[in-house]
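Listed here are the chains, written in short residue letters.
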Amino acid sequence: MTPAVGGPFGTSRPLNIIQVFNRYLQPGGEERSVARIASDLEQGGHDVRRFWRESAEWKRPGAPSRFRQPWLLWRNRSVLAELRRNHESRPADVWILHNVIPVVSLGVYRLALDLQVPMMQWLHNYRPVSPSGTLFAGGTLLEPDDPWISWKETWHGSWNGRFLTGWLALCYARLKRRGDFAAVRAWVTVSQQMQQSFRRAGWFTDRLYTLRHCWHTQRLPADTLDQGYFLFLGRVVESKGVRFLVDLWKDPALQRVELVIAGDGPLAAELRAQSPPNVRWVGHVEGEVKERLKAGCRAILFPSIWPEPLSTVAYEAYEMNKPIVASHVGGMAEIIAEGQTGFLLPPGRKPDWRQRILQLAQDPELSQRLGETGRKWLDREVSPARWLEQFNAIAWKALSD
């Protein structure tokens, strides 16, 4: 398939792209999405060079001291010089940015301006409107148009403590004030709800676009025997609602229902020690182990307490003919049809969650019907071909302006 992207590049032709991404310490959904985006663009005929660095670089022997790291977060000269050489060796039509902190650094925006290369910034969370990316200050969910959002998050140390949260907020404010974001032609959100949040914040409203994650649906494995347990997949952090799940499973009504928690994170040891016997911890899983766990579950649970922009865990459930039970927050309502592919519930409301879990525990046929409808939705709505068509339309418009 040859994409049709015109605009300032003359005749329609594939794009030469540099994808810039700073990997997190803990692997997660964003990293998988970034890899999938690169692969799908290549399958669609575009040329993608991956300029990936990782936060783990600053945890190894010889890493810069913690006193230097904030300055390098602002401008990491050595990494930016490497990116410059990469670009100048074969100039790219566009850079596609994902997370760039801390190692790539915020200096990437000024570098793009200097090189006069347009950028598309994928937004996987609420940064830079929210320094932490979560819109949370302590346990309070903030509104995106709150003029004090950066100060509230700084006070609560929402991102690695007060100093670093405040420093990051100041860095983003300076970038915006001096015009470093001028090279960003498109800010790409992954859900309409997310786009609305950035609009409310007044964030470059003339350059906001939405493009949901796509999915390569695989054949159902031969062994998809429903073993009746419920499955949580994800990082074990407060925002994902894992603490709520562990507390919920202490309810006597669920003592005969098994919960499997597949993931790791800073709360894992604490919550594992508090778990009742019917909660099984398996740690971070990938590959065949992960596929077997999904194939054997009754439903996948997603009890997030923050406005998740769009989690592909719903796609993973549908692919296996499984329903998803999720918090009605963020963009999840755009990919879960209530009562048709799963259930959307108030975050943290134990009676509602207990009711739906017991309903599915007692009715495997209901689970099967919901999951089958979800798989049909997956094939229809988020195919790679449809995603590529939408990307090309966004790129054409953004790069033609």
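Residues numbered from 1 in each chain as written. Predicted model: local features only at pLDDT ≥ 70, side-chain atom pairs only at ≥ 80, totals over all residues. Heavy atoms only, no water.

## A few points about the overall build of the chain
And step 1. Across its full length, the chain carries 14 helices and 14 strands.
And step 2. Computed over the C-alpha atoms, the radius of gyration of the chain is 22 Å, within 12% of the 21 Å expected from 2.2 N^0.38 for a compact globule of 401 residues.
And step 3. Referenced to the eigenvectors of the C-alpha coordinate spread, the extents of the chain come out at roughly 60 × 50 × 40 Å.
And step 4. The buried share of the chain, taken over its 401 residues, is 56%. (Helix = DSSP H or I, 4+ residues; strand = E, 2+ residues; numbered from the N terminus. Rg over C-alpha atoms; globule rule 2.2 N^0.38 Å. Buried < 20%, exposed > 50% of the residue type's maximum accessible area, 1.4 Å probe, protein only.)

## Here we look at helix α13 (residues 364-381)
And step 1. The end-to-end C-alpha separation of α13 is 26 Å, in line with the 26 Å expected for 18 residues at 1.5 Å each.
And step 2. Every buried residue of α13 is accounted for by L366, S367, L370, G371, G374, R375, W377 and L378.
And step 3. Contact partners of the buried residues in α13: β12 (297-302), α11 (313-319), β14 (342-345) and α12 (350-362). (Expected span 1.5 Å × (residues − 1). Contact = heavy atoms within 4.5 Å.)

## Some thoughts on the confidence of the model for the chain
And step 1. Looking at the chain, pLDDT values average 94 and 97% of them are 70 or higher.
And step 2. Residue range residues 6-11 is modelled with pLDDT below 50. Its contacts to residues more than four positions away, or to other chains, number 11 contacts. (pLDDT = per-residue confidence, 0-100.)

## What to know about the nonpolar core
And step 1. With 98 residues, the main nonpolar core has W95, L106 and Y109 as its most contacted residues.
And step 2. F232, V236, L267 and L358 belong to the second largest nonpolar core, which has 29 residues in total. (Core = buried A, V, L, I, M, F, W, Y, C linked by side-chain atoms within 4.5 Å.)

## Examining the sheet that holds β14
And step 1. Spatially, the six strands line up as an open sheet ordered β11-β10-β9-β12-β13-β14, and their pairing is parallel. Across the chains shown, the open sheet's two edge strands, defined by having one partner strand only, are β11 (279-281) and β14. For this sheet, the mean angle separating the axes of adjacent strands, direction not counted, is 20°.
And step 2. For strand β9 (residues 229-233) and β12, the ladder comprises four bridges, and the chain directions are parallel. Each residue of the ladder has a partner; that of L231, found in β12, is I300.
And step 3. Contacts from helix α10 (residues 287-296) reach β9, β10 (259-262) and β12, with the element oriented near 135° to β9. (Pairing = 2+ DSSP bridges. Axes fitted to C-alpha atoms, helices over the stretch in contact; angles between N-to-C directions.)

## Observations concerning the pairing of β12
And step 1. The buried count for β12 comes to six of six residues, which makes it a mostly enclosed element.
And step 2. The pairing of β12 with strand β13 (residues 324-327) spans three bridges and is classified as parallel. When the sheet's bridge partners are listed, F302 is paired in β13 with A326.
And step 3. Between the parallel pair β12 and β13, the chain is carried across by α11, and the sense of this crossover is right-handed. (Right-handed = clockwise from strand over helix to strand, strands pointing away.)

## A look at the pattern of salt bridges
And step 1. Applying the stated criterion across every chain yields a total of 30 salt bridges.
And step 2. Linking R386 and E381 is a salt bridge whose minimum nitrogen-to-oxygen distance equals 3.1 Å.
And step 3. Several salt bridges converge on common partners, so that one network encompasses R23, E31, E54 and R60. (Salt bridge = Lys/Arg side-chain N within 4 Å of Asp/Glu carboxyl O.)

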